[in-house]
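Fold and geometry: a report
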Amino acid sequence: MNDHGDNDRGDNDRGRRRFLAGGIAGTGALLLAGCDKLAGTPWFSSVLDQAGPLTEAAQSAITPANALAREYTRADIAPVFRPNGSIDPPDAVYRAHVANGFADWRLAVRGLVERPLQLSLAELRAMPSRTQITRHDCVEGWSCIGQWKGVPLEHVLQQAGVKPSARFVVFRCMDTLADAKYYESCRLVDAFHPQSILAYELNDAPLPIANGAPLRMRLERKLGYKQAKYLAAIELVDSYAGIDGGKGGFWEDRGYDWFGGI
Ligand SMILES: Nc1nc2c(c(=O)[nH]1)N[C@H]1C(S)=C(S)[C@@H](COP(=O)(O)O)O[C@H]1N2
Ligand SMILES: [Mo]
């Protein structure tokens, strides 16, 4: 089975397996009630078998950039939202935040902005919110439906004032996989998408640690690995070439497609 969804399947598959063999996996075999195994379904075949994730050109040929991902009903919500990747980061800074209930945690908004921000959880919760029930699709071959509540990223970006030279938003995370901090990035048009939210609630409860507490990104037109958990900062940049491996994300630096459209 293809477990990464990229054009360059063989190499990436081997890279992924080598990487996972290095000892950071562990939840891959877990399947919880309500999360569907997608192998064999039309979605899995179309997204993962042939061309990999939708490219920017392919996605924009099908729908405009601001088209909404499908939203579901409460009856569709999985009893447990399957966690994946980091699920309980041992990083010292993160442990300290857990120990005091994220009271000192702040989301930094920095880089190419007019007004850098440091936002507490209380400040984020006081901002306008959006609630959406959507399906998360992981390239490892499973999906899960959950209800997310959070602040539209657009609102935070408007508060900070995006400079004209900014082209991408980089999401900096607090967890380390193998030897590197997790990070992700997206285009401004994806950041301003109405369903792009900084989520602090899952299924009417505070975001669990396993799913990225205290704050994680939801980019509903993108694959699972684009949904950055354990957020520390949002950075506006004109290029991500100088960050870590230069490919725009932790998994992208290890061969995954950057656009990651669904
Ligand atoms: N910081 C961070 N974000 C992450 C990951 C991770 O390991 N660390 N894993 C990614 C992957 S591959 C998936 S499928 C989803 C899993 O989200 P969940 O744990 O809520 O299911 O988070 C994504 N975001
Ligand atoms: Mo994933």
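Structure report, in brief.

Rules of the game
- Per-chain numbering applies: the sequence of each chain, read as written, is numbered from 1 onward.
- For naming, the first written chain is A and the first written ligand is 1, with later ones following in the order written.
- Given that this is a predicted model, residues contribute local features only at a pLDDT of at least 70 and side-chain atom pairs are listed and counted only at 80 or more, while totals for whole chains, interfaces and linings are drawn from all residues.
- As a rule here, side-chain values come from all non-hydrogen atoms in the structure, and water together with hydrogens is ignored.
- For every residue, the accessible area obtained with a 1.4 Å probe (protein chains only) is divided by the maximum for its type, and the residue is called buried under 20%, exposed over 50%, and partly exposed between those limits.
- Helix and strand labels come from DSSP, where a helix needs a run of H or I of at least four residues and a strand needs a run of E of at least two; each type is numbered from the N terminus.
- For this quantity, the arc is that covered by the directions from the helix axis to the C-beta atoms.
- Any two strands between which DSSP finds at least two bridges are classified as paired.
- Axis definition: a line fit to C-alpha positions, over the contact stretch in the case of helices; interaxial angles, taken between N-to-C directions, run 0 to 180 degrees.
- Residue contacts are defined here by distance: any two heavy atoms, one from each residue, within 4.5 Å place the two residues in contact.
- By nonpolar core we mean a set of buried residues, namely Ala, Val, Leu, Ile, Met, Phe, Trp, Tyr and Cys, connected to one another through side-chain atoms within 4.5 Å.
- Each residue is tested against the molecule or strand, and it is near if at least one of its non-hydrogen atoms lies within 4 Å.
- By the criterion applied in these results, polar contacts are pairs of N or O atoms within 3.5 Å in which, for protein atoms, one can donate a hydrogen and the other can accept it, and in which residues neighboring in sequence qualify only through two side-chain atoms.
- Each accessible area value is a Shrake-Rupley result obtained with a 1.4 Å probe; residue values ignore everything except the protein chains displayed when judging cover.

1. Considerations on helix H6 (residues 153–160)
Spacing of three or four residues puts side chains on the same side of an α-helix, whose turn is 3.6 residues. If you check which residues of H6 are buried, you get Leu153, Val156, Leu157 and Ala160. End-on, the buried residues of H6 take up no more than an arc of 100 degrees, which puts them together on one face. Once H6 finishes, Gly161 follows within two positions and takes phi at roughly 75 degrees, a positive value.

2. Regarding the pairing of strand E2 (residues 107–111)
Relative to strand E3 (residues 117–119), E2 runs antiparallel, the two being bridged by three bridges. Paired with Val109 across the two strands is Leu117, which belongs to E3. Once E2 ends, the chain turns through five residues before running back antiparallel as E3. Relative to strand E11 (residues 231–237), E2 is paired through four bridges, and the arrangement is parallel. Note on E11: the bridge partner recorded for Val109 is Ile234.

3. A look at the sheet that holds E3
With mixed pairing, five strands are arranged side by side in an open sheet as E3-E2-E11-E6-E7. On the outer flanks of this sheet lie E3 and strand E7 (180–187), each paired with one strand and no other. Strand-to-strand twist in this sheet, taken as the mean axis angle between neighbours without regard to direction, amounts to 20 degrees. Each of E2, E3, strand E6 (168–177) and E11 is contacted by H6, which is oriented at about 140 degrees to E3, the strand it contacts most.

4. Description of the nonpolar core
Generally speaking, soluble globular proteins have nonpolar side chains that are buried together. Formed by 43 residues in total, the largest nonpolar core has its most connected members in Leu107, Val109, Leu124, Val156, Phe171, Leu198 and Ile234. Taken together, the elements giving at least two residues each to this core come down to E2, E3, helix H5 (121–125), H6, E6, E7, strand E8 (197–202) and E11. Sorting elements by how many residues they give to this core places E6 first, with five residues. Setting aside its immediate chain neighbours within four residues, Leu124 contacts Trp105, Leu107, Leu119, Val151, Val156, Tyr200 and Leu215.

5. A few points about the site of ligand 1
Close contacts around ligand 1 come from 22 residues, with Arg82, Ser86, Asp175, Gln227 and Lys229 the closest. Between ligand 1 and the protein, one listed contact pairs an oxygen atom with a side-chain N or O atom of Asn211 at 2.9 Å. One nitrogen or oxygen atom from the side chain of Arg216 is found 2.9 Å from an oxygen atom belonging to ligand 1. For ligand 1, whose free accessible area comes to 530 Å², the fraction covered by protein is 99%. When residues of the shell around ligand 1 are traced back to their parent elements, those giving at least two are strand E4 (130–138) and E6. With three residues, the top contributor of residues to the shell around ligand 1 is E6.

6. Details of unusual backbone geometry
Of all residues except glycine, most have a negative phi; of all peptide bonds, most are trans. Each neighbour pair has its own omega, and for Ala213 with Pro214 the value is 5 degrees, a cis peptide bond. The residue Pro214 is located in the loop between strand E9 (205–206) and strand E10 (216–218) in this model. Residue Asn203 is not a glycine yet carries a positive backbone phi of 50 degrees. The residue Asn203 is located in the loop between E8 and E9 in this model. Overall, the relative accessible area of 24% leaves Asn203 in the partly exposed class. With a phi angle near 50 degrees, Tyr230 is a residue other than glycine that sits in the positive phi range. Among the structural elements, Tyr230 can be located in the loop between E10 and E11.

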